[in-house]
Amino acid sequence: TAFLYLRYSQPIYESKSKLQVNDNNEANKILELNQIEANNNKIAEAIELIRSKKFVGRVVERLEIEASYFNEGTFKSNELYVNSPFKVQVDVKNLNLYNQKIYITFAADLNSGDLSYTQNGIVKTVKFFTNSKTLGKDFDILVYLNPKMDKAVAINSIKTNKFYFVIKDADIIASELQGKIDIKLLSDLAKTILVTVQDINPKKSKDIVNAVT
């Protein structure tokens, strides 16, 4: 049992950053803190604001993480985050599409492919053309190769792996992200707080911390 757990469970990665709340630094401008003379009040205000759904929503917008990309293995799937060989831009029309796995397969020349997903027990298939927006009943979508990845590497990855992606509502992502962010007071005197984020993807946890702080 222990072997299976260690072999197939998802590791959790943690990133940390220290934030100092001063009267004259950029943190106050970013956090939009009111001018409160009491240090403890200002620190408490900063902590509550970072924890707020409104602030976390800004982090979601900055990181553009409404779409999550996965490489499906035999026993578990790995979230690719920025290492996905392809990217999508999706305008959801059918709200039931949120949180559903959408599998993607490319044709040999990568100029087109198919998207498949299940709705009400029925498997639906949508054909797309790479770099062209496809209009559909449930969603409009643009599929393109990841411009930040070497093209040869992206092509090889697409041809040797099985992929799917999941679209989530921005409010749901913000709510999930709130649960991943932990904030602790380090020093009243120095007016410092420690922001910690845990995620199954190390790059994602680091990016979230950087976006917050």
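Going by the structure above, here's the rest.
Each value, and the rule that gives it
Residues numbered from 1 in each chain as written. Predicted model: local features only at pLDDT ≥ 70, side-chain atom pairs only at ≥ 80, totals over all residues. Heavy atoms only, no water. Axes fitted to C-alpha atoms, helices over the stretch in contact; angles between N-to-C directions. Helix = DSSP H or I, 4+ residues; strand = E, 2+ residues; numbered from the N terminus. Parallel < 35°, antiparallel > 145°, perpendicular 65-115°, else oblique. Contact = heavy atoms within 4.5 Å. Nonpolar A, V, L, I, M, F, W, Y, C, P; charged D, E, K, R; others polar. Buried < 20%, exposed > 50% of the residue type's maximum accessible area, 1.4 Å probe, protein only. Salt bridge = Lys/Arg side-chain N within 4 Å of Asp/Glu carboxyl O.

A few points about the packing of helix α4 (residues 53–63) against helix α6 (residues 170–180)
Orientation of α4 relative to α6, taken along the N-to-C sense of each, is 110°, at an axis distance of 9 Å. Taken together, the axes of α4 and α6 are roughly perpendicular relative to one another. Contacts from Lys53, Val56, Gly57, Val59 and Val60 in α4 reach Asp171, Ile173, Ala174, Ser175, Leu177 and Gln178 in α6. Residues belonging to the contact of α4 with α6 are distributed by class as follows: six nonpolar, three polar and two charged.

Quick notes on α4
Buried residues of α4: Phe55, Val56, Gly57, Val59, Val60 and Leu63, and no others. Glu64 sits one or two positions beyond α4 and adopts a positive phi of about 55°.

What about the pattern of salt bridges?
Throughout the structure, instances matching the rule amount to 11 salt bridges. Here Asp138 and Lys124 are joined by a salt bridge, their closest N and O atoms 3.3 Å apart. Residue Asp138 is located in the loop between β8 (133–135) and β9 (139–145), and its partner Lys124 is located in strand β7 (residues 122–129); the two are separated by 14 residues in the primary sequence. Judged by relative accessible area, which is 29%, Lys124 ranks as partly exposed. The salt bridge involving Glu176 is made with Lys168; its shortest N-O contact spans 3.1 Å.

Looking at unusual backbone geometry
Leaving glycine aside, a negative phi is the common case for residues, and trans is the common case for peptide bonds. Backbone geometry at Leu110 places phi at a positive 65°, although glycine is not the residue there. Note on placement: Leu110 falls in the loop between β5 (101–106) and β6 (112–119). Under the relative-accessibility criterion, Leu110 is labelled buried at 9%. Residue Asn131 is not a glycine yet carries a positive backbone phi of 70°. Here Asn131 lies in the loop between β7 and β8.

A closer look at the environment of Ile104
With respect to the element layout, Ile104 can be found in strand β5. Remark: the alpha-carbon pair of Ile104 and Phe128, spanning 24 residues in sequence, is separated by 9.7 Å. Ignoring any residue separated from it by four or fewer positions in sequence, one finds Ile104 in contact with Phe86, Asp114, Leu115, Phe128, Val143, Phe163 and Phe165.

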